[in-house]
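This is what each chain is made of:
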Amino acid sequence: MAEPTYTQPAQEEAPRAFGWCHWHQGHSEGIRLIDVIEQGSGSGGTVFACGPCITVNGLIPFADR
Ligand SMILES: [Zn+2]
């Protein structure tokens with residue numbers, strides 16, 4: 001029985017992720033998850049930043065910690 005060989009990118013980050021950058025308050029491509037805000041009550045949240053803002057503000061992506 002031949003098993004299908006999948007060539008799926010494992011844990012590969014999407015470099016073209018599009019979303020809201022919390023630093024310059026605008027949508028941008030290539031955003032990265034910077035921090036996860038956990039709150040006991042109410043809605044926590046996730047904070048994203050785009051490449052330029054990461055560089056300018058010296059941010060460290062959540063996944064790189
Ligand atoms: Zn930005």
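Check the entry above for the structure.
Each residue is numbered by its place in its chain's sequence as written, counting from 1. Totals for whole chains, interfaces and linings use every residue, but because this is a predicted model, local features are given only for residues with pLDDT of at least 70 and side-chain atom pairs only at 80 or more, for both listing and counting. Only heavy atoms go into the side-chain values, all of them from the structure, while hydrogens and water stay out.

Student: Please clarify how the overall build of the protein should be interpreted in this entry.
Tutor: A tally of helices and strands in the protein yields one helix and four strands. The secondary structure elements of the protein, listed N-terminal to C-terminal, are β-β-β-β-α. Throughout this description, buried means an accessible area under 20% of the type-specific maximum (1.4 Å probe, protein chains only), exposed means over 50%, and partly exposed covers the range between. Evaluated residue by residue, the protein yields a buried proportion of 22% over its 65 residues. Residue pairs at least 24 apart in sequence account for 37% of intrachain contacts in the protein once pairs closer than 6 positions are excluded. Values of accessible area rely on a 1.4 Å probe in the Shrake-Rupley scheme; residue burial ignores everything except the protein chains shown. In the structure as shown, the protein presents an accessible area of about 5200 Å², 54% of it carried by carbon and sulfur atoms. A helix here means a DSSP run of H or I that spans at least four residues, while a strand means a run of E at least two residues long, and both kinds are numbered starting from the N terminus. Contacts are residue-level and defined by heavy atoms, with any inter-residue pair within 4.5 Å sufficient.

Student: Any chance you could explain the coordination of the zinc ion here in plain terms?
Tutor: Only nitrogen, oxygen and sulfur atoms qualify as donors, provided they sit within 2.8 Å of the metal or within 3.2 Å for Na, K and Ca; with water excluded from the atoms, sites may seem incomplete. Surrounding the zinc ion are the protein donor atoms C21 (SG), H24 (ND1), C50 (SG) and C53 (SG), at 1.9 to 2.3 Å. Under the classification used here, a metal with four donors is tetrahedral if each angle lies between 85 and 135 degrees, square planar if opposite donors are over 155 degrees apart and the others between 65 and 115, a six-donor metal meeting that same test is octahedral, and anything else is irregular. Note that the zinc ion binds four donor atoms; their angles at the metal cover 103 to 115 degrees, and the shape is tetrahedral. Spacing between the donor residues of the zinc ion along their common chain follows C-x2-H-x25-C-x2-C. With respect to burial, C50 and C53 carry one shared label: buried.

Student: Just checking my understanding: could you explain the pattern of salt bridges for this structure?
Tutor: Pairs may arise between side chains of opposite charge once their charged atoms sit close together. Each reported salt bridge corresponds to a side-chain nitrogen of Lys or Arg within 4 Å of a carboxyl oxygen of Asp or Glu. Considering all chains together, one arrives at two salt bridges under this definition. Residue R65 pairs with D35 through a salt bridge whose shortest N-O separation is 3.9 Å. Taken together, the positions of R65 in the segment after helix 1 (51-57) and D35 in strand 3 (residues 32-37) put the pair 30 residues apart, joining distant regions of the chain. When its relative accessible area of 59% is taken as the criterion, R65 is described as exposed. Judged by its relative accessible area of 30%, D35 falls in the partly exposed class.

Student: In this structure, what is going on with the nonpolar core? I would like to understand it.
Tutor: The nonpolar side chains of a soluble globular protein tend to be buried with one another. What we call a nonpolar core is a set of buried Ala, Val, Leu, Ile, Met, Phe, Trp, Tyr and Cys residues that are connected through their side-chain atoms within 4.5 Å. If you look at the biggest cluster of nonpolar residues, it comprises eight residues: C21, I31, I34, A49, C50, C53, I54 and L59. Setting aside residues no more than four positions away along its own chain, A49 makes contact with C21, W23, G30, I31, R32, I34, I54 and L59.

Student: Explain the environment of F48 here, please?
Tutor: For F48, the position within the fold is in strand 4 (residues 45-49). Since its relative accessible area comes to 25%, F48 is described here as partly exposed. Residues F48 and P61, spaced 13 residues apart in sequence, show a C-alpha to C-alpha distance of 8.6 Å. The residues touching F48, leaving out its near neighbours within four places in the chain, are W20, C21, H22, W23, I31, R32, L33 and I34.

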